[in-house]
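Secondary and tertiary structure notes
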Amino acid sequence: MAVVSWKEILLLTGLVVGCYWNSLSCGFVFDDVSAILDNKDLRPSTPLCNLFLNDFWGTPMAEERSHKSYRPLTVLTFRLNYIFSELRASSYHLLNVVLHAVVCVLFLRVCRLFLDMTSSLVAALLFAVHPIHTEAITGVVGRAELLSSIFLLAAFLAYTRSKGADHSIVWTPIALTVVLVAAATLCKEQGITVIGICCVHEVFVAQGFTLPILVDTLLQVLRGKDGFPYAVLQTLLKLIILIISTLLLVIIRVQVIQSQLPVFTRFDNPAAVSPAPTRQLTFNYLLPVNAWLLLNPSELCCDWTMGTIPLVESPLDLRNLATLAFYSLLGVLAYHSLRHSHSSSKTVIMALSLIVLPFIPASNLFFPVGFVVAERVLYVPSMGFCVLVAHGFRIVSNKGYMKRFSWLMIGVLLATHAVKTFNRNWDWETEYTLFTSALKVNKNNAKLWNNVGHALENQNSYEKALRYFLQATRVQPDDIGAHMNVGRTYKNLNKSKEAEDAYLVAKSLMPQIIPGKKYATRVAPNHLNVYINLANLIRTNDSRLEEADQLYRQAISMRPDFKQAYISRGELLLKMNKPTEAREAYLRALELDRTNADLWYNLAIVNIEMKEPSEALKNFNHALELNSRHKLALFNSALLMQESGEPRLRPEANRRFLMYVEEEPDDANGYFNLGMLAMDANENAAAERWMRKAIRLQTGFRSALFNLALLYSQAKRELEALPVLDELLRHHPEHVKGLILKGDILMNHKKDTGGAKACFEHILRMDPTNVQGKHNLCVVFFEERDLARAERCLEETLAMAPHEEYVRRHLSIVRNKMAALSAAGHPLSPAEGATVPAKEELEARQKVEQEGDKEGRGTTDAREGAVNEKNVRKSASVGTLRDAGEDKSEHLEGSQGDKRTKSKSTKEIKDIEKKRAAALKRLEEIERILSGD
């Protein structure tokens, strides 16, 4: 066996890079979204063992909605990509290109077993540039094909060394072959077919048998004329080892999928649910369709499901001639290669084994699969095709008069294929370019119209998307997913009536219950979302909440393991003020999936609603154990810790808020709450920094502006508070507490009684019953020496709040002052130069008002964010567990309302009492000053 030279390796690698370098600019499209973007198994926070418990898409294998594709080694490479580059698509595409180059080199090495130096290189070059491979290489999920092919070729190369120089069995290569076959199978299921290729090689190449010789040997043994020849015994022993290892792998694979086949709909593979002979005629016709794609890859399509290939319903259909021609050609090639033992026959039989055996699992001939045609599954069969082309090239080029022509033809073939491959890569740049390119090839596939609509929907082009979704319903009127997409788009366009009508059409297309037949097995999980979407739509009307609940219950009755139905129903029950039932719904969902961080998070929200903060915190922590970067759990658990008032929890709350702003650096609420924590800890510099950051991110942030001004006021930096209050009142001119604080600062520190009066009068224009604003206006009159007006003002204030003892006392003080001035013969009118209260009195009076404001801040002002921006409970909808499929936006349609914690801690209550006592003490001091006067 000739080795591969460095020049050939560089040639193949350069050709691969030249054809596929533009794939590095492509994003995640089509199945990449489910396998990469939505697959939690890629995240380092997910236990590594989950890769061996879940399918290729991250769904637990035990769930009925699982695709049953078990490829943990492929997912492991995705996870390594994520560790190094997270979700930067270029790194995923780069690794795919590198893997394809490795496959090309290994394939060249295999070709050297059957072809000469030149023709084997031709085969490898053709394989490197063949356009049929773009889906397997440029589509990131095609990595399963690439990895499986590497181990498949390595296993075959290892097996070819199992025959010693003296024709004895060498067991080490056989053991290595079994290990490599297992690895190939863990990358993709078709890897196990290399066992069949090894068996063909052993019988017809290594041992040199032909079909006549095998038949003759078998007849002699059956007649008892002779025993098994030693060579035959050796062959049988090796084949038995290979077959046993294959059976063990199959048994393990069946156990992994728990003896269940995946659930496919008639839209995925229409022929699979068709009666005989339509099913058999169609599936057999698909074989020449795949062969034609290898021969003429001019029109490639990313999706061949639904109506792409019309069913072959009659034996008189002319397409059956293509099936007959295909089988005839295959039969002739197999017959001549099996009858002769020369090198050409061995080359052809190995090429046929590479074409046929790896394609069998995807052929639909023995069991249905979830697609009609898939270009990526032709990656390994194309190796056999390339060997046949190279072998034909060798035969033709050996004829002198055809040599130049054959080289010209192979050159043109390689050049045109390379250009086609390069241009085809651009189709995979975005989902929009991919699906529009597919529509140029096929306009009878409703899924393609749906997917173009999804791409436009992701760009918020709802009107354009609607046109594609409506076209999908016209192409395939019974496509449930298309009608669901129409409904969702109408909803996004705020056309609720049209959306409901579309959902009702989709619901009417659901299969009817057949007595005695398990219903769940006949329903695609994605289609059940029609109940969720319809319920989410009608529950916006409070009078139809029970109707929505009935739809959720119907979905659950149809599929008791439908988690999303429990989750959405839990959200609805919270809205209906039924937290106990909501908790039961979430607990039922957790029985189905305890590894779902969103479920624990939503259960915590229910606990908050039920006034169970300790249980809520436990469940938030459960969510963070499963996903340490769960943004909503980080935010709300930190908020819960902050609201508890426990100083020991403050550092952990601060840490979680810091993690939250790392995840959401543009969310001003995270920085605001960090500022509030710093204020609680009397870390004024940090509090100011965080508040400023929040205000920069969110112009006019009401609570951040007020609390920053309050921070300056408490730090004796009142003049710095004024521009902050001005900004607050520019955005929120009716902010009462801001007006009160501004008025206090203007009167106490700017001596601007006019400005202060304007603030308090503005409050009273908005709310004539505001006691604090009215009382402070009375103080302004007192400051202006208008005791009579101050008296009337305080009388009005006392009438508004007859139980406020401090108002009564202040009225008494003013009246005593008026009596003292009258007895001394001083006029009471400010215009007449009445004696004003001593400076100490006014300062003390203002201290009373400020202390009262502090007390108010303890309950409302300083914690204003607790009632507004700060304590808004961020809620998650578990639709983040998106099913792969057509209807990929339903998860956006359900969300929970805001949840707030309103209880005060014991520490806060004690602080309020202390402040109230201090205020009363200062009030007594004022009374003593006035009495002394």
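Residues numbered from 1 in each chain as written. Predicted model: local features only at pLDDT ≥ 70, side-chain atom pairs only at ≥ 80, totals over all residues. Heavy atoms only, no water.

**Re the overall build of the protein**
For the protein, the count of helices and strands is 41 helices and zero strands. Within the protein, the proportion of its 933 residues that are buried is 53%. A fraction of 68% describes how many contacts in the protein between residues 6 or more apart in sequence connect residues 24 or more apart. Of the roughly 40600 Å² that the protein leaves accessible, carbon and sulfur atoms contribute 59%. (Helix = DSSP H or I, 4+ residues; strand = E, 2+ residues; numbered from the N terminus. Buried < 20%, exposed > 50% of the residue type's maximum accessible area, 1.4 Å probe, protein only. Contact = heavy atoms within 4.5 Å. Areas by Shrake-Rupley, 256 points an atom, 1.4 Å probe, with all protein chains shown as cover.)

**A look at unusual backbone geometry**
With omega at 0°, the peptide bond leading from Ala276 into Pro277 counts as cis. Secondary-structure assignment places Pro277 in the loop between α11 (230-256) and α12 (278-295). In this structure, Phe30 is a non-glycine residue whose phi angle is positive, near 55°. Looking at the element boundaries, Phe30 is found in the loop between α1 (6-20) and α2 (31-37). Exposure remark for Phe30: the relative accessible area of 14% places this residue in the buried category.

**So, the state of the cysteines**
By the definition in use, this model includes one disulfide. You can see Cys199 has no disulfide; the closest cysteine sulfur is in Cys198, sitting 7.0 Å from it. As a non-bridged cysteine, Cys302 has Cys301 as the owner of its nearest cysteine sulfur, 5.1 Å distant. (Disulfide = S-S within 2.5 Å.)

**Thoughts on helix α35 (residues 753-766)**
One full turn of an α-helix is made of 3.6 residues, so residues set three or four places apart face in the same direction. With 14 residues, α35 extends 20 Å from end C-alpha to end C-alpha; this agrees with the ideal 20 Å at 1.5 Å per step. Among the residues making up α35, those that are buried are Gly755, Ala756, Lys757, Cys759, Phe760, Ile763 and Leu764. (Expected span 1.5 Å × (residues − 1).)

**Overview of the nonpolar core**
Core analysis: the biggest nonpolar cluster contains 242 residues, and Phe107, Tyr379, Met383 and Phe620 have the highest contact counts within it. At 11 residues, helix α4 (residues 89-111) tops the list of elements feeding residues into this core. Setting aside residues up to four positions removed in sequence, Met383 forms contacts with Val103, Phe107, Phe127, Ser149, Leu153 and Leu354. Judged by nonpolar contacts, the second largest core, of 14 residues, contains Phe28, Val75, Phe78 and Val140. (Core = buried A, V, L, I, M, F, W, Y, C linked by side-chain atoms within 4.5 Å.)

**Re the confidence of the model for the protein**
For the protein, mean pLDDT is 84; residues scoring 70 or higher make up 85% of the total. Across residues 831-909, confidence stays below pLDDT 50; counting only partners more than four residues off in sequence or on other chains, it has 211 contacts. A low-confidence stretch, residues 925-933 (pLDDT under 50), is modelled with 12 contacts involving residues beyond four sequence positions or located in other chains. (pLDDT = per-residue confidence, 0-100.)

**As for the packing of aromatic side chains**
On inspection of all chains with the given rule, the structure shows 17 aromatic pairs. Relative to Trp407, the ring of Phe393 has its centre 4.9 Å away and its plane inclined at 85°; by these criteria the two rings are edge-to-face. With Phe393 in helix α15 (residues 381-397) and Trp407 in helix α16 (residues 403-427), this pair connects stretches of sequence that are 14 residues apart. Under the relative-accessibility criterion, Trp407 is labelled partly exposed at 41%. The interplanar angle of 35° and the centroid separation of 5.6 Å between the aromatic rings of Trp449 and Tyr468 together place this pair among those described as tilted. Of this pair, Trp449 sits in helix α18 (residues 446-458) while Tyr468 sits in helix α19 (residues 462-475), and the two are 19 residues apart along the sequence. Over the face of the ring belonging to Tyr285 we find Arg319, whose NZ or CZ atom lies 5.2 Å from the ring centre. Positioned over the ring face of Tyr671 is Lys693, at 5.4 Å from the centre of the ring. (Phe/Tyr/Trp six-rings, centres within 6.5 Å; stacked < 30°, edge-to-face > 60°. Lys NZ or Arg CZ within 6 Å of the ring centre and 35° of its normal.)

**Quick look at the environment of Pro525**
With respect to the secondary-structure elements, Pro525 resides in the loop between α21 (496-508) and α22 (529-538). What makes Pro525 buried here is its relative accessible area of 13%. Once the C-alpha coordinates of Pro525 and Phe562 are considered, the two residues, 37 residues apart in sequence, prove to be 7.8 Å apart.

**Quick look at the pattern of salt bridges**
Opposite charge on two side chains allows them to pair when their charged atoms are near. For the coordinates displayed, the defined rule picks out 37 salt bridges. The closest approach of N and O atoms between Arg424 and Asp427, which form a salt bridge, is 3.1 Å. Taken together, the residues span about one helical turn, with Arg424 and Asp427 both in helix α16 at a distance of three residues. Taken together, the shared-partner salt bridges connect Arg71, Glu189 and Arg253 into one network. (Salt bridge = Lys/Arg side-chain N within 4 Å of Asp/Glu carboxyl O.)

**Structural notes on the packing of helix α17 (residues 431-441) against α18**
Put simply, α17 and α18 touch, their axes get as near as 9 Å, and they point 155° apart. With respect to α18, the axis of α17 lies roughly antiparallel. Of the two elements, α17 crosses α18, and the hand of that crossing is left-handed. Where α17 abuts α18, its residues Glu431, Tyr432, Phe435, Thr436, Ala438 and Leu439 lie against Leu448, Trp449, Asn451, Val452, Ala455, Leu456 and Asn458. Residues of the contact of α17 with α18, tallied by class, amount to nine nonpolar, three polar and one charged. (Axes fitted to C-alpha atoms, helices over the stretch in contact; angles between N-to-C directions. Parallel < 35°, antiparallel > 145°, perpendicular 65-115°, else oblique. Left-handed = near helix turned anticlockwise from the far one by under 90°. Nonpolar A, V, L, I, M, F, W, Y, C, P; charged D, E, K, R; others polar.)

**A closer look at the packing of helix α29 (residues 650-663) against helix α30 (residues 668-680)**
Where α29 contacts α30, the two axes come as close as 9 Å, and the packing angle between them is 160°. It follows that α29 is roughly antiparallel to α30 by the angle criterion. Considering only the axes of α29 and α30, their crossing is left-handed. Along its contact with α29, which presents Arg650, Ala653, Asn654, Phe657, Leu658, Tyr660 and Val661, the element α30 presents Gly670, Tyr671, Asn673, Leu674, Leu677 and Asp680. Residue composition of the contact of α29 with α30, by class: eight nonpolar, three polar and two charged.

**Here we look at helix α13 (residues 320-339)**
Over its 20 residues, α13 extends 28 Å from the first C-alpha to the last, a length consistent with the 28 Å expected when each residue adds 1.5 Å. Listed in full, the buried residues belonging to α13 are Asn320, Thr323, Ser337 and Leu338. Buried residues in α13, looked at end-on, bunch into an arc of 135°, giving them a common side. Away from its buried face, by an angle of more than 90 degrees, α13 presents the exposed residues Leu321, Leu324 and Leu329. Its buried side turned inward, α13 meets α9 (194-206), α10 (211-223), α12 and α14 (343-356). (Arc of directions from axis to C-beta.)

**Observations regarding the side chain of Ser245**
With respect to the secondary-structure elements, Ser245 resides in helix α11. Contacts of Ser245, omitting those with residues within four sequence positions, involve Val178 and Ile195.

**Thoughts on a nonpolar patch on the surface**
On the surface, Leu233, Leu236, Ile240, Ile243, Ile244, Leu247, Leu248 and Ile251 cluster together into a nonpolar patch covering about 710 Å² of accessible area. The residue Leu248 is located in helix α11 in this model. (Patch = residues over 30% accessible without salt bridge, like charges linked within 9 Å, V, L, I, M, F, W, Y side chains within 5 Å.)

**A few points about the environment of Tyr92**
By secondary structure assignment, the location of Tyr92 is in helix α4. If we skip the residues at most four places from it in the chain, Tyr92 touches Phe28, Ile36, Leu42, Phe78, Asn81, Tyr82, Ser85, Glu86, Leu87, Val140 and Arg143.

**Description of the side chain of Gln207**
Tracing the backbone shows Gln207 in the loop between α9 and α10. When sequence neighbours within four positions are dropped, the list of residues in contact with Gln207 reads Glu202, Ala231 and Thr235.

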